[in-house]
Structure formats: C-alpha cells, structure tokens
Amino acid sequence: MNIFLFEWKKVWKNGAVLKVVLLFLMLSAAIFWADAAMDSEIRTAYLDYHKTLDSLPADEAADLLNAFTLTDETDYIKGHALELIHSEMDSVTGYEDYRQSIQNRYTQSQKISVFQGTASGQNQYMQRIAERYKKLTLHFPLTLQPYQGIRKLMEFYPADLFTVILLIYLTSIVFIQEQRSGQYAFSLTTKNGQRQLYPAKFLTVYFSIIVYLLLTFLFYFVLSGFLYGFPSMTAAIQSIPGYHAVPYDWNILTYFCVFLLLKSFAFFILTSLAVFLARRLNSEMAVSFLLAGFIGFSFLLSDRFQGNDSNSVLRLWNIWTLLQGKSFIRSYDLIRFHGLLVEAYWGILLLFVLSLLCLLFGKKQYQSAKRTKGGSFHRSSRVHGLFFYELKKTFICQKGLFLFLACIMIQIFILSQYNDYFGTDEYYYQNYIDQFGDRIDDQTDEKLQNEEQRIAALYTELETTENSVTAYKLQQELECEGGFQRYADRVRELREDGRSPLLLKDAQYTLLFTNTPLSRSWVILLCMSFAFLVISVFYREKATHMELLQKSSLFGRRKLFYFKFLTLLLYFIPFCLLGAVLRLIWSSSHYRLDWDAPANCLEIFRETGITCSIRSIFFLGTLLQCIFVVLALLLLSRLAELSKRRYLMPAIILGCTVIPTLLSPYFPVAWLQIVHNLFFIFTASVYFISGTLLILAVCAAFITERKMRNE
C-alpha cells in the first residue's frame, strides 16, 4: 500500500501530468461546446417547446405537439426542433408498441418454414429476444424531457480518444521512462519491491485513468445540463430516443452507473494491454501504434458482426462495444457459435481472463539476448563525424527508418482501399462532358437547348402515362437532370466570368486537392512522426548527459543542433514528397488528367482567381507543404531542445493535432481542420496560407537568431 501511495503521489505531483490532463479537458470541452453551439438557434427553440410540453400529461402534450407541428413545420429552425421532440415523444408513447412489434415479428416468423422448429438457429435467436422483452416490466416512469444533452453526452466518443492518449502518456512515464533510466530496476531492490512494485505501478496508471474518466464524465454532464437542462435521473432509460433496446428495468441514473462501469472495465483491458506492451517492447512508439491498431480494428468490427451470424463470436473481444456501453446491455447482442446462443456480456469474463494473462506475462520484462555473429566482423577504423552518428542513432537505433516505412505502408494500404464513388449528379455531369465535349463552343447552346427540350418532354410523358413500367423507365431517365443542370450552370458561370472555356471532371482531381481520408491519414501520420521522432532526437543525449560531451567536440556546440535538424529533414522532406507522389500516381493511373488546364476551371479553385495550370498549382502546393513542414519542424526542434520532459511534448502534439484531424469529418467544427489545412495547404484559403507562413517564418527567424546569439 505504501508503494502504491508513493507511485500515486509521484504521478499526480508531476506538473506535466496536470498540464496534459488540463489540456485534454479544455480541448474535449471545446469540441463538445463547439458541436453544440452549431445549432444554438435550434436548441433555443427546442428548449422553448419543452418548457410548454413537459408539465402536461402525455395525451395533452402529444396533441399540443401536433398543433405546433401544423403551424411551425414550415420554419426550418422550429421544424428541426419539433423533429427532435417528436422522436422523444415517440419514445415515451411508443415503447409498448415497440415491445409488441418484437412479439409480432416473432409470431409472424413462425409461419415461415425456414424459421420453424427449435433446431433453427435464427428461430432460437428471435425467441430469446421475444422472451426477454415479454418478461420485462418497467417500474420507472416514461417521461417527456429534453434528452438531447444526454444523447450527446453518451455518444461523445472524442473523450475516449483523449483518454487513450492519456493512457499511453501515463504508461510511458510510469513504466518506460523508469525502465530506461534504471529507476525501475533499483526500486525492485527495496523492501517488498519485487512483490508490490509492478502491481502498484499498474494500479497507479489504471486508477489515474478512472479518475480522469469520472472527472470528464461529470464535466460533460454539467456542460450538457447547462446547454440542454438537467433531466430527471429517475425516468426510465427507455424514455431516451434510441434506447428502447435496453432490456432492463433501469432508470437513467442506473444506466449511467452501468455505462461508467463498462467503460472502467474497458480501460482495465486497455491498461493491461498497454502495460504488457510497455514491459515487453519498452517503446512508446510501439505501444502507441499497437494500441491504436487494436482500438481501430475493434471500431471497424463494432457494427459488422451481429448476433445472428457465426462471425459474431469476434464481438467477444470487441473493446469498442464496451466503450460505447450500449451494445453490451441490449438483448440483440447474442453470439451464436455452432448452434449455441451465448449472451454477449459473457465476453466480459473472457476479456478479464485475457487481461490477467497480459498482466501476468508483463510482470517479467523481456530482454532480448544479443546475437553473436559468426566469423570476424570488420570494423572501420575511420572516425565518423557527429552527423553520421545522428543519422545512425535516428534511423537505426531509434527505429526512424521503421517508422518511415510503416507510415508509407499505411498510406499505400489506405490508397488501395480508397473509394472513388461518384454520386448520381457527378456521374451524369461527367457523362455530359463526354457527350457534349469539354470545350464551350458555338454549338454548346444548341446542345443545351435540345437537352432541355428532351427533359421537358420526358416530364410531360411521365405526367400523362398510366403504365407503371413506362413511368419507372421515365423516372430512371430523368435522374440525369441534376447532372445536366450542373453542366448548364458551369457553362453559364464560365461565360459570365470570362474564364477559359474548359469543363473539367472535378471529381477526378479530388484526391490531389481536397480533404479525403488519404490526406487526413497523411497529416495524422506526419504529426505522429513529429511527436515520436523530434523529441527522441533531441532528448536522448540530454537524458544521458552525452550532449555535454558532444558539444565539447570540434564545432560540436555550434553545429550539433543543425546536424540534428538536418537529420530530421532527411525524414520529413521525403515523407512529404512520397505522399504527393502516391496521390499523383493513383490519380494519373485511374484518370486522364488535363495538367495544362487553368486551375480555376476546377470547382475547388473557382473563387480563388488562380489562373496558372493545374500542374503548376500541384507542384507549387507540394513545395509550400514542404516549407510549412520545415518551419514547423524548426519550431518544434527548438522547443524539444529546451524541453526538460520527454513525454510532455509528444502528448501535447498528439492531443492538439492528431485528435482534431481525426475528428474533423465527424464534427462540423471549422477549427478542427486547422492542422489539416496547415500541412495539406490545398484545402486552405490564401489568407490562411499567407498569415501562417508569415507567423512561422518570424518564429523561425527569431529562433535562429537567438540560437546564433547564444553560441
């Protein structure tokens, strides 16, 4: 117990830990608040309606809600607010119908031959669900209240992502840092060290995560209550839209407790896995990538293996369903394995056993024996310079080359899975370009007029025909109208603006110039390389005091920083160029790109006024990307040189860059895309590029001047 208290105080008296926790709280709260503030007018109308409806009996509230709908549904804001309240009203008044529908579905299935008989696995599955809901009796009231805040709270998964990064950070400072410095081996020699040190460190990391988890949950609960109001915790959980599937007689408070319990257990599994990896691999880079891969793979599988399929056995280890909570406490999650139906929550027992095995095998650190090579090994008598040793240390000893190859392989994998699906309008727009030509000439107006007459004739025929087959064919033909309208509007815009009379297939240039999963993954991997590589290059000699010896060598004090910085450039410049080359190869191999066309012929550059060719804008943009990376690298290198804490800076970089970029496509918050726009500048405005470039250039000049003055 004394060792645990010592480890606990050592962590929470660390100012860096408090800074990281505070930073993550502020970032996640900003995302939560910004997402809710996007619909502030709708939220105001939503709460105004609730003030009127909540105090009424259910029947009167339903009638009044219908009256509001008839008068206010044409107003977009009020109409959207009414949709939210309708979903809540349907949850309150329609729960019994929901339960009856399950019974009816099971009864109707018995009339189908394939579902008859107890031997049918699907029949057993449906029977278990029907029996569960038939026996369920609710003792808590179903009440109409503003539940949208609770829904946002329960489904706010960015909090889980920040908690995972905090877990990696704590594992690094509690285990990896002390293992490298030798403090862990020394602590084992103390009284009860061999027996209590390892579990004390594990419990320190785990309970720190639990404290952060509870703190953030209470924090978000207060935020959601401030925005949407605090509903009664004694109402049945089935009152909330989307929670009809909970097959237990629980109120909202009980559900919260179970939800937090499941999350706590999920992080018990993740903590045991992180500690096992840290003890075995002794590398924060390996822990981060493997833990992120485990969670990412679980996230992909979370909705793919349902209870009526033998593949659902994979859900036993799915950590994401535990983090969500909702999946493990509904009766749909039954796992079928060779005709045997198992409740999904039995997977908790299996996961617990696997976690204990991870802790057991992680107690003894793995030490790889040095391999002896047969024969003589010729060592060069040549004395190498500092730059050679920086290259060897970074790319070989610190696995920089492995990190580079891993990032490139991930990019190639994402590129191989890239979906270039076109919508209906885009598909027909490209067809019209092929049909009418990509150049606007004297015959374009005649072609457009003929096509307008053809579409009008199709509408006339559709209105007069009574044959359903003919009507269906006409509707299929009229799907081209959106693409044609886009083609006609583009022709008109090019003529009005006096631009080059060239029509381009914009979707074929999407991968090169727009925000795509590939560009986001590239930015995320770039920022992860910043976090793991920059600090390791500048901190290793500082921790071992070898930096003092290096600076005592010839020109060491003056050139050591620049040697390290040049070593990092040899990683990040090829990283930027290879990312551009991969996108270029994929686009060129799939489409015929018109590289000599003016850039403003593309919709993404239409308002910029850029008249240079697409080839020029691509190569100029790639060059600017490299410049931004170099300036950011110079700034981070100087901060890493000044930093006295190895793991604080990586945690800040991961929290401030990786998480916002990862969340940007799912939350319509503009500032989440700032990091993406900074390094993938094709999606940024000219003012953003100019301003950021000026700021980074001034910072780089100031840093260089101070560096030269100190030397």
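This text gives an overview of the structure that appears in the document. (Residues numbered from 1 in each chain as written. Predicted model: local features only at pLDDT ≥ 70, side-chain atom pairs only at ≥ 80, totals over all residues. Heavy atoms only, no water.)

Right, let's talk about helix α19 (residues 444-464) for a bit. Helix length check: α19 (21 residues) gives 31 Å between terminal C-alpha atoms against 30 Å at 1.5 Å per residue, within 8%. Listed as buried for α19 are Thr-444, Leu-448, Glu-451, Ile-455 and Leu-458. Projection of α19 onto a plane perpendicular to its axis shows the buried side chains occupying an angular sector of 85°, all on one side. Exposed positions of α19 whose direction lies more than 90 degrees from the buried face are Glu-446, Glu-463 and Thr-464. (Helix = DSSP H or I, 4+ residues; strand = E, 2+ residues; numbered from the N terminus. Expected span 1.5 Å × (residues − 1). Buried < 20%, exposed > 50% of the residue type's maximum accessible area, 1.4 Å probe, protein only. Arc of directions from axis to C-beta.)

A word on empty space enclosed by the protein. Taken as a whole, this structure holds five cavities of 30 Å³ or more when the rule is applied. Approximately 120 Å³ is the volume found for the largest cavity. As for the largest cavity, its lining consists of 14 residues, and the residues nearest its centre are Ser-172, Phe-532, Tyr-647, Pro-650 and Ala-651. Taken together, the elements giving at least two residues each to the lining of the largest cavity come down to α9 (158-181), α13 (284-301), α23 (517-544) and α27 (648-663). Considering every element that reaches the lining of the largest cavity, the biggest residue donor is α9, with four residues. (1 Å grid on protein atoms, 1.4 Å probe; cavity = no way out; pocket = protein on both sides within 12 Å on 5 of 7 lines; lining within 4 Å. Points joined across faces, edges and corners; volume = space filled by probe spheres on them.)

What follows covers the nonpolar core. If you look at the biggest cluster of nonpolar residues, it comprises 182 residues, and the most contacted ones within it are Tyr-169, Phe-513, Phe-530, Phe-572 and Phe-679. Every residue in contact with Phe-572, bar those within four places of it in the chain, is listed here: Leu-526, Ser-529, Phe-530, Leu-533, Val-534, Val-629 and Leu-633. (Core = buried A, V, L, I, M, F, W, Y, C linked by side-chain atoms within 4.5 Å. Contact = heavy atoms within 4.5 Å.)

Turning next to the environment of Ala-200. Position of Ala-200 among the secondary structure elements: in helix α11 (residues 193-228). For Ala-200, a relative accessible area of 5% corresponds to the buried category. Considered as a pair, Ala-200 and Ile-3 are 197 residues apart in the sequence and their alpha carbons are 6.3 Å apart. Discounting residues that sit within four places of it in the chain, Ala-200 has contacts with Ile-3 and Phe-4.

Empty space within the second largest pocket amounts to approximately 1,500 Å³. In terms of lining, the second largest pocket is formed by 37 residues, of which the most central are Ala-292, Gly-296, Phe-299, Ile-524 and Leu-662. Counting only elements with at least two residues in the lining of the second largest pocket, the list comes to α9, α13, α17 (400-416), α23 and α27. Here the lining of the second largest pocket gets 10 residues from one element, more than from any other, and that element is α13. Of the residues in the lining of the second largest pocket, the class split is 29 nonpolar, seven polar and one charged. (Nonpolar A, V, L, I, M, F, W, Y, C, P; charged D, E, K, R; others polar.)

Any functional reading would require information beyond the geometric quantities listed.
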